[in-house]
Amino acid sequence: MKTNILYRAFLFILLLISVYSCTDDPISNQEDHFEAIGTIIYDATGAEVVSILRGITNDTLKVISGKLSDHYTVKFYIDNENIVDPPQNEHTRLNYEIGDSNLVTWWQHPGEEGGFEFHLNGKKKGITTVQLFIVHEDHNDYRSGEIPLLVE
């Protein structure tokens, strides 16, 4: 009798392990992931100012010292190098990393933090970098690579 109960408990645990180990991430919706291979940044007039594809760019984002820039908008290259709008869901946001925040700071309108429009505030002349990230819930789906940033 005791052996029969242990055997059934073992089978039940084995069944639970096999059912729950077959999914990659049962909490995260896999359809929300955004697979980009590059970034395009447009100025307030809609002109392209930076293109970075697979982490490589010859462009430099320019900001004036002591001034807040007009807004920049961001779009992305996908696998076939077509340009697409940013993902539009509540689980995804834009994040950034500035190499030297003594030269420039990031600013977004209150209530629009994490959106795909931003301003840069030039603080001091110099050269640094900025990287953009598409954050999906608690991890990065995409990283642009370092974009040169000149504060004039």
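Our subject is the structure that appears above.
Rules and cut-offs
- Residues numbered from 1 in each chain as written.
- Predicted model: local features only at pLDDT ≥ 70, side-chain atom pairs only at ≥ 80, totals over all residues.
- Heavy atoms only, no water.
- Helix = DSSP H or I, 4+ residues; strand = E, 2+ residues; numbered from the N terminus.
- Contact = heavy atoms within 4.5 Å.
- Polar contact = N/O pair within 3.5 Å; in protein donor to acceptor, adjacent residues only side chain to side chain.
- Buried < 20%, exposed > 50% of the residue type's maximum accessible area, 1.4 Å probe, protein only.
- 1 Å grid on protein atoms, 1.4 Å probe; cavity = no way out; pocket = protein on both sides within 12 Å on 5 of 7 lines; lining within 4 Å.
- Points joined across faces, edges and corners; volume = space filled by probe spheres on them.
- Nonpolar A, V, L, I, M, F, W, Y, C, P; charged D, E, K, R; others polar.
- Core = buried A, V, L, I, M, F, W, Y, C linked by side-chain atoms within 4.5 Å.
- Salt bridge = Lys/Arg side-chain N within 4 Å of Asp/Glu carboxyl O.

### Looking at the environment of Tyr77
- Along the polypeptide, Tyr77 turns up in strand E4 (residues 72-77).
- Residues within four places of Tyr77 in sequence aside, it is in contact with Ala36, Ile37, Gly38, Thr39, Ile40, Ser51, Ile52, Leu53, Asn82 and Ile83.

### Things to note about the side chain of Thr57
- As for its placement among the helices and strands, Thr57 is situated in the loop between strand E2 (48-53) and strand E3 (61-63).
- A polar contact is formed between the side chain of Thr57 and the backbone nitrogen of Asp59, at a distance of 3.0 Å.
- With near-sequence residues (within four places) excluded, Thr57 lies in contact with Val50, Ser51, Ile52, Glu146 and Pro148.

### Brief notes about the environment of Pro86
- Here Pro86 lies in the loop between strand E5 (83-84) and strand E6 (92-98).
- Pro86 gets classed as buried once you look at its relative accessible area, which sits at 11%.
- Along the sequence, Pro86 and Phe116 sit 30 residues apart, while their C-alpha atoms lie 7.0 Å from each other.
- With sequence-adjacent residues up to four places away left out, Pro86 is seen in contact with Val74, Phe76 and Phe116.

### Some words on the layout of surface pockets
- Empty space within the largest pocket amounts to approximately 250 Å³.
- The wall of the largest pocket is formed by 13 residues, among which Asp43, Lys62, Ser69, Asp70 and Tyr72 lie closest to the centre.
- No other element matches the three residues that E3 contributes to the lining of the largest pocket.
- Taken together, the residues of the lining of the largest pocket sort by class into seven nonpolar, two polar and four charged.

### Thoughts on the nonpolar core
- Core analysis: the largest hydrophobic core is formed by 25 residues, its most contacted members being Ile41, Leu61, Phe76, Trp106, Phe118, Leu120 and Val130.
- Elements that contribute at least two residues to this core include exactly E2, E3, E4, E6, strand E7 (104-107), strand E8 (117-122), strand E9 (126-136) and strand E11 (147-151).
- Other than its neighbours up to four places away in sequence, Leu61 contacts Ile41, Val49, Val50, Tyr72, Leu120, Val130, Ile147, Pro148, Leu149 and Leu150.

### Overview of the pattern of salt bridges
- For the coordinates displayed, the defined rule picks out two salt bridges.
- A salt bridge links Glu81 to Arg54; its shortest N-O distance comes to 3.0 Å. Taken together, the positions of Glu81 in the loop between E4 and E5 and Arg54 in the loop between E2 and E3 put the pair 27 residues apart, joining distant regions of the chain.
- For Glu81, a relative accessible area of 39% puts it in the partly exposed group.
- A salt bridge links Lys75 to Asp85, with the shortest nitrogen-to-oxygen separation between them at 3.2 Å. Of this pair, Lys75 sits in strand E4 while Asp85 sits in the loop between E5 and E6, and the two are 10 residues apart along the sequence.
- Residue Asp85 is classed as partly exposed on the basis of its relative accessible area, which comes to 48%.

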